[in-house]
Amino acid sequence: MVLLRFAPSPTGPLHLGGLRMALYNHLYARKHGGKWLLRIEDTDTVRTVPGSVEGIRYALEWAGLEYDYGPGRDGPQAPYFQSERLDLYRTYAQKLLESGHAYRCFCTPDRLAGTREKLARTGSNATYDKSCLHLTDEEVARRVKVGEKSIIRLNDSNLPTRPQATDLVFGQLKDAHASLPTDPVLLKTDLFPTYHLASVVDDHEMGITHVLRGEEWLPSLPLHLDLYASLKLPTPKFAHIPLLVNPDGSKMSKRNGDVQVIDYIRRGWEPNAILNWLVLAGWGARNSEREEKSSAPLGHHDAPNSTAIMSLEEIINEFDLSAMTHRSSSLDPAKLEYINKRHLMRIWSNPEGLEDLAEKVHEEIKERFSLSIPVSITSRMPSFSLRQVVIGRLTNVRDIPIHAPWLFIEPDLKSNEAQDILKRISAPQLKHVITDIRAKLQGVPEPWRDFDFLGLLHSEQDRLGYSPKVFMRSLRYALTGMKDGPSVAEIMRVLGRERTISRLVVPAQDEHSFTKL
């Protein structure tokens, strides 16, 4: 069975790059009928931030990326925290010592720094002089017995042969051993493993068949393959995903804008829209350049349109690693607005969508308008009416109170916007229009929402002889106090009989607020 893993470090909130990597693991597992697990790589105790694991789990749950095994979902691979698997890493490190593929190094940090400087001055690419490799077994045993601190290094001069590295995204890879440090460290003096040993051991012990991770780990792939070969372990398939970067090509960071998933949750973006946005970054271009690379994986097909609107299920159906670009990608905020708007339209086409919408903005509406009693959108207006009012106008559900405050509170007829409307109509005109329409609406039969308000308004406008601007401005002023928004007919249908008629009252106004005729 295909089994993948998402293995973040608990060093803070989950960022967009991490969510994107979890998404790719989820997609590949579901596409191939497999599973994926969440593993917490917490061996770097200095950088661990309390609460990070809870934050990571919350972000994954919000996004709908349900892992099959991991914290809270025990399975055969447990435990899922690397800090609880230390004995396992030490066992494998001992195997490497016994086979001669690793050795103990007792050099102090000062000596190691001096050695690196000396080697650099000679023009050598080496980072260590291998002095401890030549210690006798007796000398090593003596120094260990007296409690001298040591690290365990891979012996890169005694490595088994292995085939050329292949990646599911980048194809055949050139040998990059020259970029690795000399005899890389596997186990530190505190007996905690480095990422390299821990990830190889865990991926094997947990039965991981495919490793999907960021491109930043591509230079480490030769070392990991060496470890698999030295330990005589089967090697999983690797896919390194090109990174997300800022528009200027720099690494994504908090200093250059919002990169944490929690920021997007708080701002009301739809989870499916975020996933849609992330997956298309680097997957939205046709990969004709791959046809020119004879080493590229076979069987690839064109990626989706760069603004394709897809649910998670649709993304899974379309997903193919061969459609990944080899270049880093940046995220366009304008594209998120476009995608989110269309996902909202999809939600509102579903009868259950409005309930979800109400839940998302419920507390914000109460806070925005200082409402002391619980108010939900669905209790104040029929769902079909809300769709009429907001569909095609909003990019984010949090904009509802901004675009249509009149849905939740009485219009502020003393606002600058409302007063500006009055400058374009006269007091007699306002009174005439409002009084007439109020009287007409008193006789509207039930059900209110099925009545032809547009027909009534056009008929009365023609009868009274006012221009559309004067007629509709008068009603818009009384009903919303805003210049723009849905049609007056839609506003009436949304507000309902009681609220519509109660607002059609000519207020006591300073005559100077009106245009003088």
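As annotated in an unreviewed UniProt entry, the protein chain is Glutamate--tRNA ligase, mitochondrial from Leucocoprinus leucothites. Its UniProt record, at the heading Subcellular location (unreviewed entry), says of the protein chain: "Mitochondrion". If you open the UniProt record of the protein chain and go to Sequence similarities (unreviewed entry), you find "Belongs to the class-I aminoacyl-tRNA synthetase family. Glutamate--tRNA ligase type 1 subfamily."

**Remarks on the overall build of the protein chain**
Within the protein chain, the secondary structure is distributed over 20 helices and 11 strands. Residues counted as buried form 50% of the 517 residues belonging to the protein chain. Accessible surface, the protein chain: about 25100 Å² in total, of which carbon and sulfur atoms supply 51%.

**As for the nonpolar core**
The nonpolar side chains of a soluble globular protein tend to be buried, and buried together. Counting residues in each nonpolar core, the largest one holds 92 residues, and the members touching the most others are L19, L60 and L65. By size, the runner-up hydrophobic cluster in this structure holds 44 residues, among which are L413, A418, L479 and I501.

**A word on helix 18 (residues 453-464)**
Taking 1.5 Å of rise per residue, 12 residues should cover 16 Å, and helix 18 covers 16 Å from first to last C-alpha, within 8% of that figure. When we look at burial in helix 18, the residues that qualify are F453, L456, L457, E460, Q461 and L464. Viewed end-on, helix 18 has its buried residues packed into an arc of 130 degrees, placing them on one side of the element. In helix 18, those exposed residues whose orientation departs by more than 90 degrees from the buried face are D462 and R463.

**Here's the deal with unusual backbone geometry**
Here the residue pair A78 and P79 is connected by a cis peptide bond, since its omega of 0 degrees sits within 30 degrees of zero. As for its position among the elements, P79 is in the loop between helix 2 (52-63) and helix 3 (86-99). Cis rather than trans, the peptide bond between E446 and P447 has omega equal to 0 degrees. Unlike most non-glycine residues, K130 shows phi in positive territory, near 60 degrees. In this structure, K130 sits in the loop between helix 4 (109-121) and helix 5 (137-145). On the basis of relative accessibility, which here comes to 17%, the residue K130 falls in the buried class. The backbone of D183 sits at a positive phi, close to 45 degrees, despite the residue not being glycine. By secondary structure assignment, the location of D183 is in the loop between strand 6 (171-172) and strand 7 (185-187). Under the relative-accessibility criterion, D183 is labelled buried at 0%.

**Thoughts on the sheet that holds strand 3 (residues 102-105)**
Spatially, three strands are ordered 3-4-7 in an open sheet, and the strand pairing comes out antiparallel. Two strands lie at the open edges of the sheet, namely strand 3 and strand 7, each paired on one side alone. For this sheet, the mean inter-axis angle between neighbouring strands, taken without regard to orientation, is 40 degrees. Pairing between strand 3 and strand 4 (residues 151-154): four bridges, direction antiparallel. Looking across to strand 4, one finds that Y103 is bridged to R153.

**Describing the pairing of strand 2 (residues 35-38)**
Sheet analysis places strand 1 (residues 3-6) next to strand 2, joined by four bridges and oriented parallel. For F6, the partnering residue across the bridge sits in strand 2 and is L38. A crossover connection joins strand 1 to the parallel strand 2 through helix 1 (residues 16-31); in handedness this β-α-β unit is right-handed.

**Quick notes on the side chain of D202**
Within the secondary structure layout, D202 lies in helix 6 (residues 195-205). The contacts of D202, once residues within four sequence positions are left out, are R39, Q82, R85, L88 and Y89.

**Thoughts on the pattern of salt bridges**
Any two side chains of opposite charge can pair if their charged atoms end up close together. Counted under the stated rule, the structure contains 22 salt bridges. Between D87 and R90 there is a salt bridge; the shortest N-O distance is 3.4 Å. Highlighted residues: D87 and R90, both in helix 3, separated by three residues, approximately one helical turn. Judged by relative accessible area, which is 28%, R90 ranks as partly exposed. For R463, the salt bridge identified is with D436, shortest N-O distance 2.4 Å. With R463 in helix 18 and D436 in helix 17 (residues 427-442), this pair connects stretches of sequence that are 27 residues apart. Exposure remark for D436: the relative accessible area of 12% places this residue in the buried category. Here the residues in one salt-bridge network are R5, R39, E41, R85, D202 and D203, joined through shared partners.

**A closer look at the packing of aromatic side chains**
How two aromatic rings sit relative to each other is given by the distance of their centres and the angle of their planes. Counting across every chain of the model gives seven aromatic pairs. Here the aromatic rings of W448 and F453 are separated by 4.9 Å at their centres, their planes lie at 50 degrees, and the arrangement is tilted. Each member of the pair, W448 as well as F453, carries the same accessibility label: buried. Owing to a relative accessible area of 0%, F453 belongs among the buried residues under this scheme. An aromatic cluster of at least three residues, connected via ring pairs, comprises W448, F451 and F453. Over the ring of Y92 we find K95; its NZ or CZ atom is 4.4 Å from the centre of that ring. Across from the ring centre of Y264, 5.6 Å away, lies the NZ or CZ of R267, which sits over that ring.

**Some thoughts on the side chain of E41**
Along the polypeptide, E41 turns up in the loop between strand 2 and helix 2. E41 gets classed as buried once you look at its relative accessible area, which sits at 7%. Once you skip the residues sitting within four places of it in the chain, E41 turns out to touch A7, P8, S9, P10, Q82, Y195 and S199.

**Some details on the state of the cysteines**
All told, the structure shown has zero disulfides when counted by the stated rule. Note on C105: no disulfide assigned, nearest cysteine sulfur contributed by C107 at a separation of 3.7 Å. Not part of a disulfide, C132 finds its nearest cysteine sulfur in C107, a span of 3.6 Å.

Conventions we followed
Residues numbered from 1 in each chain as written. Predicted model: local features only at pLDDT ≥ 70, side-chain atom pairs only at ≥ 80, totals over all residues. Heavy atoms only, no water. UniProt positions renumbered as here; feature names shortened; annotations may be inferred. Helix = DSSP H or I, 4+ residues; strand = E, 2+ residues; numbered from the N terminus. Buried < 20%, exposed > 50% of the residue type's maximum accessible area, 1.4 Å probe, protein only. Areas by Shrake-Rupley, 256 points an atom, 1.4 Å probe, with all protein chains shown as cover. Core = buried A, V, L, I, M, F, W, Y, C linked by side-chain atoms within 4.5 Å. Expected span 1.5 Å × (residues − 1). Arc of directions from axis to C-beta. Pairing = 2+ DSSP bridges. Axes fitted to C-alpha atoms, helices over the stretch in contact; angles between N-to-C directions. Right-handed = clockwise from strand over helix to strand, strands pointing away. Contact = heavy atoms within 4.5 Å. Salt bridge = Lys/Arg side-chain N within 4 Å of Asp/Glu carboxyl O. Phe/Tyr/Trp six-rings, centres within 6.5 Å; stacked < 30°, edge-to-face > 60°. Lys NZ or Arg CZ within 6 Å of the ring centre and 35° of its normal. Disulfide = S-S within 2.5 Å.

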